[in-house]
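Residue strings, one per chain:
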Amino acid sequence: MAPPATASASASAPVSLLFLSLPLSPSSCRGLPAPHTHLPPRRLALAPARPGAALLSSLGDAQEEEEYDDEEEEELVVVGYVSGAHGVRGDVLVSPRTDFPQLRFATPGKRWLRARAAGKQQVKEFELVRGRAHTGKKSWIVTFDGVDSVDEARQIVGSAILVKAGDRPKMEEDEIYSLDLVGMRVIVKDTGKLVGTVGQVFNFGAGDLLQVMVGGTEDTVSQPNSENQDSTPSGEHVWIPFAEDIVPDIDMESREMWITPPKGLLELNARSDKRSKKERRAMEWKEKKRLQRRVIAAKKILSEMDQGHVLEGLLSGDKVQKASLAEQIGSIDFQLFRHAMHSVSRPIGSLSKDVFVKSSSSRKKLMRIPYETLLNHEENANFASELNEGAGIIQKSKAATILITNDSDTLDAEFQGLLNSFNKLMKVEETRGSIPFVIVCPAGHVGSVQNCLVENDYFGLDSQKVWVLEEMKLPIVSMSSKLNSRKILLKSPWEILQKPAGTGVIFSLLSSNKILDTLNEMGVEYVQICSLSNKPNIGHPLLFGAVSSFGADAGLMLRKSSKETEDDFDLILSMNHVNKMCRDVTKLRFSAQQEQHVHVEHVDGQWVDVQPEATNCHRLHAEVTSVLNYCSPDKVCVIEIVQQ
């Protein structure tokens, strides 16, 4: 079974591949919430860390410093990076790359800083005087002996902090270093089949993941050089969550681990690219150049929009931080963002769903369908013609469904229940697998949705016609009545404050992921766009048939038995109208929702925390029901689903 076609609203900005892993222990990683955690896009760095060699050299007269040669440097491991200056007394902010930050950054003693100057790396010994955790941030404030001013602190920004490899803490009896897992053979417990060799261990926030190189690939295992490696081997691989129910047995002496993978795990995340290494490299190079141009263009646009402060984080910090910021910059849909900024800068009328339904013109095309009829449509002859017309649309693959989910704890259960009902309907209608299906969900649910599809054989859908998309986000902007005064807010120097842009941006998602072209090539004539929270009747032929019989461009489904909100919607649009909305982003209407967020600002060369006491920013948000504003009233029908 092939996995669902997937796409993401975000784009990466690559130059060099970069991953981050954390040391782990069974106690900290056994509680992986889902066996198939969605992996974020590859992190890619724009440039090496800014050198801090000037201070490393200038302090030579002030204290005894020992410069290590390459052989000795191999005995040192990276535990963090100097990400910025803090205050005016020479303190620095440190981004940890270790599971023992208290030991590494709060315990006085010798440390080593590594920076690059004139094409060569320099490693110098420093004395850590004191350190403390930065309240509210995942960083530490550290004082080094001999770094006494803000100018001296800025000179070592970007330097790696090193400790001796032999100084790592002793683990408890039931704990394991991630580095000790690298190189272990992975074997399926039930069959004894060799899967491959652990090439690397990563942590993306939801738990530890083993990157297993398929087959006998011991030669591809990366050599660890830090407490958190930032490199990744190439070649065919699969991802295996390091959870107790999946990796129950580990033999450190024989260097083997025995796994019990859930059904479909190895097939779901295995690399499907079977091209030669040369072909893959050529394709990767083209992709890197294309995405690099995207980031360069984004930088120019940010400068033109007077948002240059967003780029400041690219001048400092470690390569992971800078790569993350570059990735976020490259993922912004600037055409949509510009329109959103302009559309909320001037008052525009908005025709809400309720106002539209109550208008006299919309009531001319009204159909009331009993809820029981949707469940037992064969028993009601009143809608026979609409039912037959809708069945023909589906059987000829002229209908598609877009399901937009929300971020709730019960999403997986609701999603599975809805598609189980859809599966039963398709069996009754004998139209199994004929509807293209697009699922839009929060990033944290993409993996579980894909897994649910695989384990349930796609609920009768054609796997080649299924797409799982991550919802689109737009930056949060400061509150101001003037367009040129709004600023993108940053959560940290390397993290843009972003929030979901609303259901209305589904049209941009369809265009950016080239799904619109595919639907047109398939000959789709009607698209149902619905929310999971509205408990819609997805893919029901009677609904498609009703809209078609009215000759409408838009059909709005209402459920009088429920209390609907703006987040509850069920629309059927003609493909012609979908194309119009996708071609012209200015047809989307955005609102500016007031919110309150803590953020940082770049002031006089330093990052300053801002703690607002009231609403201080706007979230740019568009509702999909605003599509009704661009439909002629005589081209819209209302379908009321009522309880008898």
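Since we're looking at a predicted model, the values are computed, not measured.

Focus: the overall build of the chain
Here's step 1: Helix and strand content of the chain: 19 helices and 32 strands.
Here's step 2: With 644 residues in all, the chain has 53% of them scored as buried.
Here's step 3: Across the chain, the fraction of contacts at a sequence separation of at least 24, relative to all contacts at a separation of at least 6, is 75%.
Here's step 4: Accessible surface, the chain: about 29,100 Å² in total, of which carbon and sulfur atoms supply 47%.

Observations concerning unusual backbone geometry
Here's step 1: Phi at Asp 306 takes a positive value of approximately 60°, unusual for a residue other than glycine.
Here's step 2: Locating Asp 306 in the fold gives a position in the loop between helix H8 (277-304) and helix H9 (319-331).
Here's step 3: Judged by relative accessible area, Asp 306 falls into the partly exposed class, the value being 44%.
Here's step 4: Residue Tyr 458 is not a glycine yet carries a positive backbone phi of 60°.
Here's step 5: Examined against the element boundaries, Tyr 458 turns out to sit in the loop between helix H15 (446-455) and strand S19 (466-470).
Here's step 6: Assessed through its relative accessible area of 0%, Tyr 458 is described here as buried.

Re the environment of Gln 594
Here's step 1: Its location among the elements puts Gln 594 in strand S28 (residues 590-595).
Here's step 2: Owing to a relative accessible area of 52%, Gln 594 belongs among the exposed residues under this scheme.
Here's step 3: When the C-alpha atoms of Gln 594 and Leu 620 are compared, they prove to be 9.2 Å apart, with 26 residues separating the residues in sequence.
Here's step 4: In this structure, Gln 594 is in contact with Met 479, Thr 615, Cys 617 and His 618, ignoring residues within four places of it in sequence.

Focus on H9
Here's step 1: The end-to-end C-alpha separation of H9 is 18 Å, in line with the 18 Å expected for 13 residues at 1.5 Å each.
Here's step 2: Of all the 13 residues making up H9, 12 are buried; the element is thus mostly covered by neighbouring parts of the structure.
Here's step 3: Those residues of H9 that sit buried are Val 320, Gln 321, Lys 322, Ala 323, Ser 324, Leu 325, Ala 326, Glu 327, Gln 328, Ile 329, Gly 330 and Ser 331.

Digging into the nonpolar core
Here's step 1: By size, the foremost hydrophobic cluster in this structure holds 65 residues, and its most contacted members are Phe 337, Phe 507 and Phe 590.
Here's step 2: Composition of this core by domain shows at least three residues from each of domain 3 (280-322) and domain 4 (347-473 + 500-590 + 623-642).
Here's step 3: In this structure, Leu 387, Leu 453, Ile 639 and Ile 641 belong to the second largest nonpolar core, which totals 42 residues.

Brief notes about the sheet that holds strand S31 (residues 617-622)
Here's step 1: If you walk across this open sheet you meet the three strands as S21-S31-S28, and the pairing is antiparallel. The sheet is open, and its two edges are formed by strand S21 (477-478) and S28, each paired on a single side.
Here's step 2: Here S28 pairs with S31 via six bridges, running antiparallel. Along S31, the bridge assignment pairs Phe 590 with Ala 622.
Here's step 3: Set on the sheet, helix H10 (residues 334-343) makes contact with S21, S28 and S31; between it and S28 the angle comes to about 75°.

As for the side chain of His 618
Here's step 1: By secondary structure assignment, the location of His 618 is in strand S31.
Here's step 2: For His 618, a relative accessible area of 9% gives the class buried.

Comments concerning the pattern of salt bridges
Where side chains of opposite charge bring their charged atoms close, a pairing between them can arise.
Here's step 1: Going through the model one piece at a time under the given rule, you end up with 10 salt bridges.
Here's step 2: Between Asp 151 and Arg 154 there is a salt bridge, and its shortest N-O distance comes to 3.9 Å. Here Arg 154 and Asp 151 lie together in helix H5 (residues 150-155), a separation of three residues that amounts to about one turn.

Considering a positive patch on the surface
Here's step 1: Side chains of Lys 289, Arg 290, Arg 293 and Lys 514 sit close together on the surface and give a patch of like positive charge.
Here's step 2: Within the secondary structure layout, Lys 289 lies in helix H8.
Here's step 3: Here Lys 289 falls in the partly exposed class, since its relative accessible area comes to 33%.

With respect to the packing of aromatic side chains
Here's step 1: With the rule as written, the count across this model stands at two aromatic pairs.
Here's step 2: Ring geometry for Phe 105 and Trp 140: centres 6.3 Å apart, planes at 45°, overall tilted. Residue Phe 105 is located in helix H4 (residues 101-106), and its partner Trp 140 is located in strand S8 (residues 140-144); the two are separated by 35 residues in the primary sequence.
Here's step 3: Judged by relative accessible area, Phe 105 falls into the buried class, the value being 0%.
Here's step 4: Overall, the relative accessible area of 9% leaves Trp 140 in the buried class.
Here's step 5: With a centroid separation of 5.9 Å and 70° between ring planes, the pair formed by Phe 126 and Phe 144 is classed as edge-to-face. Of the two residues, Phe 126 is situated in strand S7 (residues 120-133) and Phe 144 in strand S8; the sequence distance between them amounts to 18 residues. Of the two residues, Phe 126 and Phe 144, neither departs from the other in class, the shared state being buried.

Looking at the confidence of the model for the chain
Here's step 1: Overall, the predicted model of the chain reaches an average pLDDT of 76, with 73% of residues at or above 70.
Here's step 2: For the chain, the element scoring lowest by mean pLDDT is strand S3 (residues 43-45), at 29; strand S20 (residues 473-475) scores highest, at 95.
Here's step 3: Note on residues 217-234: pLDDT is under 50 here. Beyond four places in sequence and across chains, it has 62 contacts.
Here's step 4: Note on residues 347-352: pLDDT under 50 across the span, and eight contacts to partners over four residues away in sequence or across chains.

A few points about the pairing of strand S12 (residues 208-214)
Along any regular strand, the residues point their side chains to alternate faces of the sheet.
Here's step 1: Among the seven residues in S12, six count as buried, and that is most of the element.
Here's step 2: With five bridges joining them, S12 and strand S13 (residues 237-241) adopt antiparallel strand pairing. Among the inter-strand pairings, Met 213 is bridged to a residue of S13, identified as His 237.

Describing H8
Here's step 1: With 28 residues, H8 should cover 40 Å at 1.5 Å per step; its first-to-last C-alpha distance of 41 Å lies within 8% of that length.
Here's step 2: Turning to H8, its buried residues are Arg 280, Leu 291, Val 295, Ala 298, Ile 301 and Leu 302.
Here's step 3: Its buried side turned inward, H8 meets H9 and H10.
Here's step 4: Where H8 terminates, the next one or two residues include Asp 306, which has phi positive at roughly 60°.

Comments concerning the packing of helix H13 (residues 384-395) against helix H18 (residues 541-549)
Here's step 1: Direction vectors running N to C along H13 and H18 enclose 105°, while the axes themselves pass 7 Å from each other. As summarised for this structure, H13 and H18 are arranged roughly perpendicular, according to the angle between their axes. For the pair formed by H13 and H18, the contact residues are Glu 386, Leu 387, Glu 389, Gly 390, Ala 391, Ile 393 and Ile 394 on the first element and Pro 541, Leu 542, Phe 544, Gly 545, Ala 546, Ser 548 and Ser 549 on the second.
Here's step 2: Taken together, the residues that form the contact of H13 with H18 break down as eight nonpolar, four polar and two charged.

Some thoughts on the side chain of Ser 548
Here's step 1: Following the sequence through the fold, Ser 548 ends up in helix H18.
Here's step 2: Apart from the residues within four sequence positions on either side, Ser 548 is in contact with Glu 389, Ile 393 and Tyr 526.

The rules behind each value
Residues numbered from 1 in each chain as written. Predicted model: local features only at pLDDT ≥ 70, side-chain atom pairs only at ≥ 80, totals over all residues. Heavy atoms only, no water. Helix = DSSP H or I, 4+ residues; strand = E, 2+ residues; numbered from the N terminus. Buried < 20%, exposed > 50% of the residue type's maximum accessible area, 1.4 Å probe, protein only. Contact = heavy atoms within 4.5 Å. Areas by Shrake-Rupley, 256 points an atom, 1.4 Å probe, with all protein chains shown as cover. Expected span 1.5 Å × (residues − 1). Core = buried A, V, L, I, M, F, W, Y, C linked by side-chain atoms within 4.5 Å. Domains from an automatic or database assignment. Pairing = 2+ DSSP bridges. Axes fitted to C-alpha atoms, helices over the stretch in contact; angles between N-to-C directions. Salt bridge = Lys/Arg side-chain N within 4 Å of Asp/Glu carboxyl O. Patch = residues over 30% accessible without salt bridge, like charges linked within 9 Å, V, L, I, M, F, W, Y side chains within 5 Å. Lys, Arg positive; Asp, Glu negative; His and termini not counted. Charge placed at Lys NZ, Arg CZ, Asp CG, Glu CD. Phe/Tyr/Trp six-rings, centres within 6.5 Å; stacked < 30°, edge-to-face > 60°. pLDDT = per-residue confidence, 0-100. Parallel < 35°, antiparallel > 145°, perpendicular 65-115°, else oblique. Nonpolar A, V, L, I, M, F, W, Y, C, P; charged D, E, K, R; others polar.

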